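Descriptive analysis of the structure
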Amino acid sequence: MLRLFDYLDSGNGYKVRLLLAKLGLAYELVELDILKGESRTPDFLAKNPNGRIPALALEDGTVIAESNAILYYLAEGTRYWPEERLARAQVLHWMFFEQYSHEPFIAVLRFWHRHGPMDEKRRALEPEKRKGGEAALAVMERHLASRPFFVGTAMTIADIALYAYTHAAADGGFDLAAYPAIGAWLERVSTDAGHVPMLPDDYVVERT
Ligand SMILES: N[C@@H](CCC(=O)N[C@@H](CS)C(=O)NCC(=O)O)C(=O)O
């Protein structure tokens, strides 16, 4: 059986959980408390030398790390990975955008606000992080103003990659009311077949 090493409050982990649910794939969830360094143990570093979740262990024990690489692996041959060459390149375009221009701002601010500590150094960095996050949201808003999903007319793993932290952006202090096309897209993604929420209703946020 597939084994997913994860931390429930991680949007990167949620991307993988969301796709696994939509594909109806069974897996064992192995929760690591990243706030207590459990992704930095020798045992886990042997699985992902970068010491970060999510990581997916396949049936033969091979481990895939990096959320978007895992999405690609799982989506091959499904309706979430287009057949056409240009569309596949466009999906990758948005997945690279997510990792370079979106996640480092929106996910990082969310993490700092939720888990702390919001110390002096982080407070000084916050305006730049916010500026980067707003720029990413503006790019998404412009793109989504004239189309239902990031690529083509149906959901792909580009939407899953971008949904994970965008839908939770308010946790980092971003106001999505200013982005109506993003709001409509979030609604489309969350009502697509097989959707699951990121966290259980009774989830308690842990602080460092
Ligand atoms: N680019 C990686 C980022 C993974 C990442 O930053 N994981 C965080 C949680 S969201 C983590 O494991 N942090 C624990 C640590 O750095 O020790 C991906 O997309 O999977």
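Remember, predicted model here, so these are calculated numbers, not experimental data.

This part is about the layout of surface pockets. Looking at the largest pocket, its volume works out to about 670 Å³. Lining the largest pocket are 26 residues; nearest its centre among them are Asn12, Ile34, Arg52, Ile53 and Glu103. Ranked by the residues each element gives to the lining of the largest pocket, the list is headed by helix α4 (residues 85-115), at eight residues. Residue composition of the lining of the largest pocket, grouped by class: nine nonpolar, ten polar and seven charged. Split by domain, the residues of the lining of the largest pocket number at least three in each of domain 1 (2-75) and domain 2 (85-190).

Attention shifts here to the sheet that holds strand β4 (residues 63-65). Strand order in the open sheet formed by four strands is β2-β1-β3-β4, and the pairing between neighbours is mixed. The two strands at the open ends of the sheet, each matched to only one other strand, are β2 (27-31) and β4. The average undirected angle you get between the axes of adjacent strands in this sheet is 20°. Note: strand β1 (residues 2-6) against β2, five bridges, orientation parallel. Bridged to Phe5 within β2 is Val30.

Glancing now at the pattern of salt bridges. Scanning the entire structure with this criterion turns up 14 salt bridges. Between Arg110 and Asp9 there is a salt bridge, and its shortest N-O distance comes to 2.8 Å. In this pair, Arg110 is assigned in helix α4 and Asp9 in the loop between β1 and α1 (11-23), connecting sequence segments 101 residues apart. For the pair formed by Arg110 and Asp9, the shared burial category is buried. Across the pair Arg110 and Asp171 runs a salt bridge, and its minimum N-O distance is 2.9 Å. With Arg110 in helix α4 and Asp171 in the loop between α6 (157-166) and α7 (180-190), the pair connects residues that are 61 residues apart, well separated along the chain. What makes Asp171 partly exposed here is its relative accessible area of 29%. Put simply, Asp9, Arg110, Arg114 and Asp171 are held in one network by salt bridges that share partners.

A word on the site of the ligand. What surrounds the ligand is a group of 13 residues, the closest being Arg40, Ile53, Glu66, Ser67 and Gln99. In the model, an oxygen atom of the ligand is placed 2.6 Å from a nitrogen or oxygen of the Ser67 side chain. The separation between a nitrogen atom of the ligand and a polar side-chain atom of Gln99 is 2.7 Å. Expressed as a share of its isolated accessible area of 510 Å², the protein-covered part of the ligand is 82%. More than half of the atoms of the ligand fall within 2 Å of the grid points belonging to the largest pocket. Grouping the amino acids of the shell around the ligand by side-chain chemistry returns four nonpolar, six polar and three charged.

Thresholds, definitions, all that
Residues numbered from 1 in each chain as written. Predicted model: local features only at pLDDT ≥ 70, side-chain atom pairs only at ≥ 80, totals over all residues. Heavy atoms only, no water. 1 Å grid on protein atoms, 1.4 Å probe; cavity = no way out; pocket = protein on both sides within 12 Å on 5 of 7 lines; lining within 4 Å. Points joined across faces, edges and corners; volume = space filled by probe spheres on them. Helix = DSSP H or I, 4+ residues; strand = E, 2+ residues; numbered from the N terminus. Nonpolar A, V, L, I, M, F, W, Y, C, P; charged D, E, K, R; others polar. Domains from an automatic or database assignment. Pairing = 2+ DSSP bridges. Axes fitted to C-alpha atoms, helices over the stretch in contact; angles between N-to-C directions. Salt bridge = Lys/Arg side-chain N within 4 Å of Asp/Glu carboxyl O. Buried < 20%, exposed > 50% of the residue type's maximum accessible area, 1.4 Å probe, protein only. Near = heavy atom within 4 Å. Polar contact = N/O pair within 3.5 Å; in protein donor to acceptor, adjacent residues only side chain to side chain. Areas by Shrake-Rupley, 256 points an atom, 1.4 Å probe, with all protein chains shown as cover. Sits in = over half its atoms within 2 Å of the grid points.

Worth remembering: the numbers are spatial, not functional.
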